[in-house]
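# Structural features, examined
Chain residues, written in single-letter form:
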Amino acid sequence: MKGSLFQENRMADQETCSIGGDLACVPALNARLGPGCVLTGAEDVIPYGFDATAALKQRPGAVVFPKTTSEVVDIVEIARRHRTPIITRGSGTGLSGGSVPVENSIVMCLLGMNRILELDTRNLTLLVEAGVVTQDIFNQADAAGLLYPPDPSSMKVSTIGGNVAENSGGLRGLKYGVTRDYVMGLEVVLADGSVCWLGNKCVKDVAGYNLRDLFIGSEGTLGIITKVLLKLLPKPAARRTLLATFGRMDAAAETVSAIIEAKIIPCTLEFLDRKTIHCVEDYARVGLPLDAEALLLIESDGHPAAVEDDVTRIAALARRHGAIEVNCARDAVEAAQLATARRSAFSALARLKPTTILEDATVPRSELANMIRSIQEVAQRHGLDVATFGHFGDGNLHPTFLTNERDADEMRRVELAMGEIFERACEFGGTITGEHGVGLAKKPFLRRQLGNASYALLKAIKRTLDPDGLLNPGKVVDA
Amino acid sequence: MAARKHNIDRSRESYDAATSALKRALGSRVRTDEESLFRASFDGSKLCYFPDAVIAVRAERDIGTVLALANKHGVPVTVRGGGTSLTGSGSPIRGGWVLDVSALDSIVIYEREGMAEVGVGAKISAIQKAAEDAGWYYPPDPSSKDHSTIGGNIACNAGGMHGAKYGVTRDFVLALTGFLPTGERVKWGGRFKKFACGYNLRDLWIGSEGTLGVVTSAVLKLVPKPEAKWTLVAAFAEEAVALGAVQALIGRRLLPSILEFLDRHSVQCAERATGRSLFPEQRGKPLLLVEIDGTAGEVAAKQQDVLAWAAEHAVASAEARTSEEAEKLWEVRRKCSGAMFELGDAKLNEDVVVPLFSQVAFAGFLDELQRSSRLPIATFGHAGDGNFHVNIMYHRDDAAESKRAEKVVQRLMRKVVALGGTITGEHGIGLAKTPFLRLDRSEAEVRAMLAIKHALDPRGIMNPGKIFEVFEVWKHRPIKIRLPWDHR
């Protein structure tokens, strides 16, 4: 990989950045939104210059907080007139730099569009504005006896708009799929200022091209998502959580394959390696076994009869494939503790070193053990500290580099290691990102992943829907 | 199926020179004999347009060759699998070349991973059988499954009876390989479930009816084969009661694997066709067919719930304990469609969708529509996902009836859109639904679709004339031919 992503973007930090008030469109934005909804002060805009991705930041020219779709449309119009780029953002929990601004841009923060518009308990849908926090969606559904399954680790903070823009996954992906699988409709403001409603409350719809799915995962580069119609499910009547401890990582990987091969699809099949186990236990104190090489957190849900059956079979399979210990959570409280512990893995690891770089390589399930070995070998060779956890059931791994962005030499080695890890993921028939998106961080690897023809087509689509390159420019592909 | 003399439209452009070049490149794989051209000239809609050549694709690279030449000479290309589409999406209305991909029919089951990698020409029933032999299950099952190919199912995002619980074709496609209209080979996704890598062209291809490229193979997700199944058929006093009972069943959060509705016309047609009635005391009453699947314990528990529900809402019911008994119950659903031609010699076959809880209102509307139009309208369909097959029967040579039938379609489409539904749930737009696309989709959305079409297919060679250009199907006469999947 040539070019240094981190160097380049760090160079563009504070010193070289112009002060926001210089943006020519600020008076028009003030006039339309009222001054309270437009930030331009140097200190005020700094918090909107980065997301959860390590080492990427750029101060924007202005930050705006629209409250309605029509305000979004007007902001787009103003930005078009002044040829000023717009970067849409929610809570900024992205892990690929998808919402890191460019110089002299408008950051459009949708946190003010946080109304829950309609809970339809008969058709099992929920209509929300893009700035609603994912956890609030889960809670609304839960209170009505329903389930919104996608549960990215950041769900307490992240917004549904961001989840849709990145097509976020989560712990329940194996059985329930990802955000895409629950989006029935979208309201999108296009780069020309027109508003499109894509989708409806119907389970089936084949009238014309599926634009909805094109906008899902497009990382704010093709349009601005302002409303989302979500599908909800009946809440499963029963749920059981298992914790299986392994002395060898291979045994954990084999157990996962054996479970799937036995045609059991648990809703969660999470993996934690030794380093992650230690960090999480140190942070959350839930009694994880510290002598384990690998740990599987398994959750089965559904009809009570089916769940009991699954849990018994899973426990037997884990033991047969070398689990040292298999424990069932005694009650819902203990199960919730375990899930929370897993969710805290990123935060726990982030305490160890100043910079945490969380990656997102995904491989076919059969290659999991090989991929983890590759990660460990690459990290060791480059003298790096790496912890790995992730969604084993989906083949989606989160190798996490514990590093320090001020150590230029170490960052260079991290970058080399990341390149090698992505290369290995591709060789194993996998992908460079399963749920975090391309953003800025994975841009250098995208062409390798997609091939020239597909890569060129992505550019063509970007140019078609955003001919002036105003929407989140420089992310995913350069038009 | 015998070839007959048909009038070939000679007013359109001639692609003779291009076809000669194609023959030089691919030799005997290029067919131009009358029989081959006729067989590729229509789909399940029986709208017949002769192509200039048919290419019997033997290897993927043939497709690249064909597309490169088609782009150079501006020749329309229509991809063809089983030819079962009901909208004319497979009829080569602008002539040109038909790519017959039915020979690319490989099926590989990845038993350990619960996935299948299939060639685009693989038949749905063959995929299902291969999956089931390995203990897995591929749920999408359009009624054409013995004849239709996975490529056609992907191109039209085919549904089927299991949609409410399991979803449609889109929900089972993990990855696609194929060619862009410009002839370049591309691959979206792989043998894994998560993919957040650049724009999602995979889902854009799915349902694009062969207008954005050519799929050559797909990776499909499989699910564990359900351990047990149980079927119940129940008769109701009238349509609105049956559809109200659907809402009650959904309210019980039972999530049946199948929930099929038949109105009284459909039931009566089936009764005449089979010469018997499921409920001799309640002849000709609307029916619901309910199937529950899952583990044995789950099915046993849910069964009690469904029986209680039937006791509350139905006038009669019967359950199937064995697959033979279930087969008998299903006969009524399979026979009803073909039997409808007793009601008229022409059928406008729509597949509209309304939100689940608008179904009762929709039943009332259909009632009123029959009375005011004085045409028999037989409706059956997938009540679990609000997807109705509305069959407007009329006599083609009766000018007044034909006019009324056209009016009925117009009113039907306006109504479903007003109810928050959509004009097509599983058949696609093709030719037949083109007059209504802009009723359902906003100008901005259609503009975006056309811009994407242009970005992918700058010369407009892929399946031209479909989706976007208005074609008034009621003004066109289908050919008289009996297809292998016709019910009668």
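Residues numbered from 1 in each chain as written. Chains lettered and ligands numbered in written order. Predicted model: local features only at pLDDT ≥ 70, side-chain atom pairs only at ≥ 80, totals over all residues. Heavy atoms only, no water.

### Things to note about the pairing of strand E9 (residues 195–199) of chain A
Regular strands place side chains that alternate from one sheet face to the opposite one. Residue and element names in this part refer to chain A. Operational definition: A pair of strands is considered paired only if DSSP assigns at least 2 bridges between the two. A run of H or I in DSSP becomes a helix once it reaches four residues, and a run of E becomes a strand once it reaches two; helices and strands are each numbered from the N terminus.
The pairing of strand E8 (residues 183–189) with E9 spans five bridges and is classified as antiparallel. Counterpart to valine 188 in the pairing with E9 is cysteine 196. Hairpin connection, E8 to E9: the antiparallel pair is bridged by five residues, and glycine 193 has positive phi, about 90 degrees.

### A closer look at the sheet that holds strand E16 (residues 346–353) of chain B
Residue and element names in this part refer to chain B. Selection criterion: Helix axes use the C-alpha atoms of the stretch in contact, all axes being lines fitted to C-alpha atoms, and the angles between their N-to-C directions lie in the range 0 to 180 degrees. Any two residues whose heavy atoms approach within 4.5 Å are treated as being in contact.
If you trace the seven strands from one edge of the open sheet to the other, you get E15-E12-E14-E13-E17-E18-E16, paired in antiparallel fashion. In the strand order of this sheet, the two ends are held by strand E15 (316–320) and E16, each with one partner. Strand-to-strand, the axes of this sheet are offset by a mean angle of 15 degrees, without reference to chain direction. By the bridge criterion, five bridges tie strand E12 (residues 228–235) to E15 in an arrangement that is antiparallel. Each bridged residue has a counterpart across the sheet, and for threonine 231 the counterpart in E15 is alanine 320. Along the sheet, helix H8 (residues 239–251) contacts strand E13 (258–262), strand E14 (287–294) and strand E18 (387–394); its crossing angle with E13, the most-contacted strand, is approximately 170 degrees.

### Some thoughts on the state of the cysteines
Two cysteines form a disulfide when their sulfur atoms are joined by a covalent bond. For clarity, the cut-off: We call a pair of cysteine sulfur atoms a disulfide when they lie within 2.5 Å. Only protein chains enter the accessibility calculation, which uses a 1.4 Å probe; a residue is then buried when its area is under 20% of its type maximum, exposed when over 50%, and partly exposed in between.
This structure, assessed with the given rule, holds zero disulfides over all chains. Cys202(A) supplies the cysteine sulfur nearest to Cys196(A), a cysteine that is in no disulfide, at a spacing of 18 Å. Here Cys197(B) stays unpaired: no disulfide links it, and the sulfur of Cys426(A), its closest cysteine neighbor, is 7.7 Å away. Cys197(B) sits in the buried class, given a relative accessible area of 0%.

### Some words on the packing of aromatic side chains
Definition in use: Here the aromatic set is Phe, Tyr and Trp, taking the six-membered ring for Trp, and pairing holds for ring centres within 6.5 Å; pairs whose planes are under 30 degrees apart are stacked, those over 60 apart are edge-to-face, and all others are tilted.
Taken as a whole and assessed by the stated rule, the structure comprises 15 aromatic pairs over all chains. When the ring of Tyr148(A) is compared with that of Tyr182(A), the centres are 6.1 Å apart and the planes differ by 80 degrees; the resulting orientation is edge-to-face. With Tyr148(A) in the loop between strand E7 (146–147) and helix H6 (160–166) and Tyr182(A) in the loop between helix H7 (173–176) and E8, this pair connects stretches of sequence that are 34 residues apart. Each member of the pair, Tyr148(A) as well as Tyr182(A), is classed as buried. With 6.1 Å between their ring centres and 45 degrees between their planes, Phe436(B) and Trp474(B) make a pair best called tilted. On the criterion of sequence distance, the pair formed by Phe436(B) in the loop between helix H13 (399–418) and helix H14 (437–440) and Trp474(B) in the segment after helix H15 (443–456) is long-range, its members being 38 residues apart. Of the two residues examined, Phe436(B) and Trp474(B), each falls in the buried class.

### Let's talk about the domain arrangement of chain B
All names here are of chain B. What counts is decided by this rule: Segment limits for the domains were obtained from an automatic or database-derived domain assignment. The term buried area denotes the loss of accessible surface (1.4 Å probe radius) that occurs when two parts are joined, taken as the sum for both partners.
With domains assigned, chain B is organised as domain 1 (12–103), domain 2 (107–224), domain 3 (228–334) and domain 4 (344–452). Spacing between the C-alpha centres of domain 3 and domain 4 amounts to 25 Å. Listed as interface residues are 15 residues of domain 3 and, on the opposing side, 17 residues of domain 4. Both faces considered, domain 3 and domain 4 share a buried interface measuring about 1400 Å² in area, 62% of it formed by carbon and sulfur atoms.

### Comments concerning the interface of chain B and chain A
Defined as follows: What counts as a salt bridge is simple: a side-chain nitrogen of Lys or Arg found within 4 Å of a carboxyl oxygen of Asp or Glu. Whenever two N or O atoms come within 3.5 Å, that pair is a polar contact, provided that in protein one can donate a hydrogen and the other can accept it, and provided that, for residues adjacent in sequence, both atoms are side-chain atoms. Residue classes follow a fixed rule: Ala, Val, Leu, Ile, Met, Phe, Trp, Tyr, Cys and Pro count as nonpolar, while Asp, Glu, Lys and Arg count as charged, and any other residue, Gly among them, counts as polar.
The partner chain A presents 80 residues to the 81 residues of chain B that form the contact. When the two sides are added together, the surface that chain B and chain A hide from each other amounts to roughly 6100 Å², 63% of it contributed by carbon and sulfur. By the criterion of area lost to chain A, the three top residues of chain B are Lys194(B), Tyr199(B) and Arg253(B), representing 16% of everything that side buries. Counting the contacts that link chain B with chain A gives seven salt bridges. The salt bridge involving Asp385(B) is made with Lys204(A); its shortest N-O contact spans 3.6 Å. Applying the counting criterion to the chain B and chain A interface returns 19 residue pairs in polar contact (both at pLDDT 80 or more). Going through the elements one at a time, strand E9 (185–188), helix H7 (201–205), helix H10 (296–313), H14 and H15 of chain B are the ones with two or more residues in the side of chain B that touches chain A. If one sorts the elements of the side of chain B that touches chain A by residue count, H15(B) sits on top with 10 residues. Its residues placed into classes, the side of chain B that touches chain A shows 36 nonpolar, 22 polar and 23 charged.

### So, the sheet that holds strand E8 (residues 173–179) of chain B
Residue and element names in this part refer to chain B. Strand order in the open sheet made by the five strands is E5-E6-E10-E8-E9, with antiparallel pairing throughout. Each edge of the sheet is formed by a strand with only one pairing partner; in this case those strands are strand E5 (107–110) and E9. In this sheet, neighbouring strand axes are inclined to one another by 15 degrees on average, regardless of whether the strands run parallel or antiparallel. With four bridges connecting them, E5 and strand E6 (residues 115–119) associate as antiparallel partners. Residue pairing across strands places isoleucine 107 opposite valine 118, the latter belonging to E6. Where helix H3 (residues 60–73) meets the sheet, its contacts fall on E8, E9 and strand E10 (214–221), and the angle it forms with E10 comes to roughly 140 degrees. In this fold helix H4 (residues 124–133) packs onto E5, E6 and E10, with an angle of close to 30 degrees to the strand it touches most, E5.

### Details of empty space enclosed by the protein
We apply this condition: Here a cavity denotes a set of grid points, spaced 1 Å apart and computed over the protein atoms alone, in which a 1.4 Å probe fits but from which it cannot get out, and a pocket denotes an open set meeting protein on both sides within 12 Å along at least five of seven lines; residues with an atom within 4 Å of a point are reported as lining. Grid points are joined across faces, edges and corners, and a volume is the space filled by probe spheres set on the points.
By the definition in use, this model includes eight cavities of 30 Å³ or more. Looking at the largest cavity, it is lined by 16 residues, and the ones nearest its centre are Glu271(B), Arg276(B), Ser277(B), Leu278(B) and Val332(B). Mapped onto the lining of the largest cavity, the elements with two or more residues apiece are helix H9 (264–274) and helix H11 (323–339) of chain B. Considering every element that reaches the lining of the largest cavity, the biggest residue donor is H9(B), with four residues. Grouping the amino acids of the lining of the largest cavity by side-chain chemistry returns six nonpolar, four polar and six charged. Along its surface, the second largest cavity is lined by 11 residues, and Thr53(A), Ala54(A), Leu95(A), Ile357(A) and Leu358(A) are the ones closest to its centre. Top element by residues in the lining of the second largest cavity is strand E16 (residues 355–358) of chain A. It accounts for three residues. By residue class, the composition of the lining of the second largest cavity is eight nonpolar, two polar and one charged.

### Some thoughts on helix H2 (residues 26–33) of chain A
Residues and elements named next belong to chain A. So the rule is basically this: Note that the arc is defined by the directions from the helix axis to the C-beta atoms.
Of the positions making up H2, those classed as buried are Val26, Leu29 and Leu33. For H2, the angular spread of the buried residues around the axis is 60 degrees, confining them to a single face. Those residues of H2 that are exposed and aimed more than 90 degrees away from the buried face are Pro27 and Ala31. Of the surrounding elements, those touching the buried residues of H2 are strand E1 (38–39), strand E2 (62–64), helix H4 (69–81) and strand E4 (106–109). Remark: glycine 34 follows H2 within two positions and exhibits a positive phi of approximately 85 degrees.

### A short note on unusual backbone geometry
Within the chain, Glu219(A) stands out as a residue other than glycine whose phi angle is a positive 55 degrees. Tracing the sequence through the fold places Glu219(A) in the loop between helix H8 (211–215) and strand E10 (224–231). Even without a glycine there, the phi angle at Lys46(B) is positive, about 60 degrees. Here Lys46(B) shows up in the loop between helix H2 (34–39) and strand E2 (53–56).

### Some thoughts on the environment of Tyr49(B)
All names here are of chain B. Following the sequence through the fold, tyrosine 49 ends up in the loop between H2 and E2. Along the backbone, tyrosine 49 and serine 208 are 159 residues apart, and their C-alpha atoms lie at a distance of 21 Å. If near-sequence neighbours (up to four positions away) are discounted, tyrosine 49 is found in contact with Ser41, Ser91, Pro92, Ile93, Leu431, Phe471 and His476.

### Quick notes on the pairing of strand E17 (residues 377–382) of chain B
Residue and element names in this part refer to chain B. Most of E17 is tucked away: six of the six residues are buried. Where E13 and E17 come together, three bridges link them in antiparallel fashion. Bridge pairing in E17 links phenylalanine 261 to glycine 381. Strand direction decides the pairing type here: E17 and E18, joined by six bridges, are antiparallel.

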